[in-house]
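Here is how the chains run, residue by residue.
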Amino acid sequence: MRKDDYTVALVVPVFNEHETVETFVSTVKEKLASLKDHIEIVFVDDGSKDNTCQIIEKLQEKDDSISLIKLSRNFGKEAAMSAALDLVDADAIVPMDVDLQDPPEVVLEFIKIWKEEEIDNVYGVRVDRSQDSEAKRVTSGGFYYVFNKLSNRVKIPSNVGDFRLIDKKIVETLRQLPERNRFMKGLYAWPGFSAKGVGYERPQRVAGQTKWNYWKLWNFALDGIVSFSSLPLRVWSYIGGFIGILALAYMFWVIFEVIMGGVSVPGYASTLCVVLFLGSIQLISVGVLGEYLGRLSEEIKGRPVYVVSKVTGPLSNQLPKGMSVTTVGVTHNDQTKH
Ligand code: UDP
Ligand code: MG
C-alpha cells in the first residue's frame, strides 16, 4: 500500500483542440471528484494555431490545479509528452488524450491498482476496437506482431496505447533516455518494473478531428521498429549469403551444361529475371540502410526534443532548480542534469 498523500498528474498534450479542452476538464473534474485533492492536470500545448491556449488560460483562472506547458511550436505528441515527463514532479503520471478517448473513470482503477497492489506501470488495454475500421485493426495487429518478433528484449502488449499510469520511478528512468526519436509505447516498456493491464472500451473522439493518417501511422511504425531492433539492418548479410550460394550453385550448373553440351544461346529471360531480382533486393537493402542512417543523423545532431516557451499554473512553482517560468530552450539533456 502506497502513502495516502500522493499526487497524480494527468498529462495532456493538445494541438489545435479548442473544441475539446473544456469538455475534457469538466468531465475529468466530474468523474474524478472523489480524488479531487490528489489530481492535477498538466496540458502541454504543442504549438496550437487556434485559441486552445487562451481557453486553457481561462480555465486556469478558475481552477488552480491546471498547469500549462507551452511549447514554442508543434513538435509532435511524443515530444510534448517528453516535455511533461521532464518537468512534472508527481508521484505518478497518467498520459491522456484530450478528446476523451481515454475515459477518465478508468484512471480511478489505475490509481487503485498502483496504490493497493503497488504496480508501477498500469496500462490500459483496448478491449473493444469495433470503433476502428477493419483495415486499422489488421494493420495495427500486424505492427505489434512484427515489433515483438523483431525486438528481442522490449515487448509491447497489443492494443495498448499511451493511456496508462506510470510511477515516479519509471518517469525518472525515462528522463535518462536521451534519444530524440521518441517511440513512447516502446520507451514506456523499456524501464521494466511491475506492469499490469486494465481493459477499457475506447469511445469515439468527442469533437474535432484526429491528427493521424495512414502515412503518419506507417512512419510511426517504422520509428518504433527501427528504434527497438537492428534486425532489419543485419538481415541483409544473410539474405545476400543465401542468394550467393544459390548463384554459385547455378554457376556450376551452367558451367557443367557448357562442358556437356557446348555454348547455348537462349537464356535472355532468366538473365533478366536474376538481374531485376537482385537489383530490387539491393535497393531494398539500401533503403533499409537509409532508414537507420536518417535516424542516426537525427540523433547525432543532438537537437533538443522540444523547446518550452512558457510554463504557467502550479507547475511553474515546482520547476527543477535553475529554471524560470520563461525559460526558453529546455533540452532533454539539460533536464537530466538537475
Ligand atoms: N497531439 C499533439 N500533437 C500533435 C498531434 C496530436 O499534442 O502533433 C495530441 C492531440 O491534441 C490529442 C492527442 O495528441 O490530445 C491524440 O491525438 P489524436 O486524437 O489526433 O490521435 P488518435 O487518438 O486519433 O490516435
Ligand atoms: Mg484521439
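Residues numbered from 1 in each chain as written. Chains lettered and ligands numbered in written order. Predicted model: local features only at pLDDT ≥ 70, side-chain atom pairs only at ≥ 80, totals over all residues. Heavy atoms only, no water.

### Points about the site of ligand 1
Thought 1: Around ligand 1, a shell composed of 17 residues is seen, among which E17, D46, D99, T210 and K211 lie nearest.
Thought 2: One nitrogen or oxygen atom from the side chain of N74 is found 3.2 Å from an oxygen atom belonging to ligand 1.
Thought 3: Between ligand 1 and R202 there is a distance of 3.2 Å, counted from an oxygen atom to a side-chain nitrogen or oxygen.
Thought 4: Expressed as a share of its isolated accessible area of 540 Å², the protein-covered part of ligand 1 is 90%.
Thought 5: When the residues that make up the shell around ligand 1 are grouped by side-chain class, the tally is five nonpolar, four polar and eight charged. (Near = heavy atom within 4 Å. Polar contact = N/O pair within 3.5 Å; in protein donor to acceptor, adjacent residues only side chain to side chain. Areas by Shrake-Rupley, 256 points an atom, 1.4 Å probe, with all protein chains shown as cover. Nonpolar A, V, L, I, M, F, W, Y, C, P; charged D, E, K, R; others polar.)

### Regarding the nonpolar core
Thought 1: Among the nonpolar cores identified, the biggest contains 42 residues, and I69, L71, L85 and V88 are the most heavily contacted of them.
Thought 2: Among all residues touching L71, those that are not within four sequence positions of it are V44, D45, D46, G47, A80, A83, Y306, V307, V308 and S309.
Thought 3: Ranked by size, the runner-up nonpolar core spans 37 residues in total, among them V8, V14, F43 and Y200. (Core = buried A, V, L, I, M, F, W, Y, C linked by side-chain atoms within 4.5 Å. Buried < 20%, exposed > 50% of the residue type's maximum accessible area, 1.4 Å probe, protein only. Contact = heavy atoms within 4.5 Å.)

### With respect to the packing of aromatic side chains
Thought 1: Under the defined criterion, the tally for this structure stands at 12 aromatic pairs.
Thought 2: Centre to centre, the rings of F24 and F43 are 5.9 Å apart; their planes meet at 65°, and the pair counts as edge-to-face. In this pair, F24 is assigned in helix 1 (residues 21-31) and F43 in strand 2 (residues 39-45), connecting sequence segments 19 residues apart. Pair check on accessibility: F24 and F43 agree, each one buried.
Thought 3: Within the aromatic cluster, the residues linked to one another by ring pairs are F143, Y144, F147, F183, F220 and F228. (Phe/Tyr/Trp six-rings, centres within 6.5 Å; stacked < 30°, edge-to-face > 60°. Helix = DSSP H or I, 4+ residues; strand = E, 2+ residues; numbered from the N terminus.)

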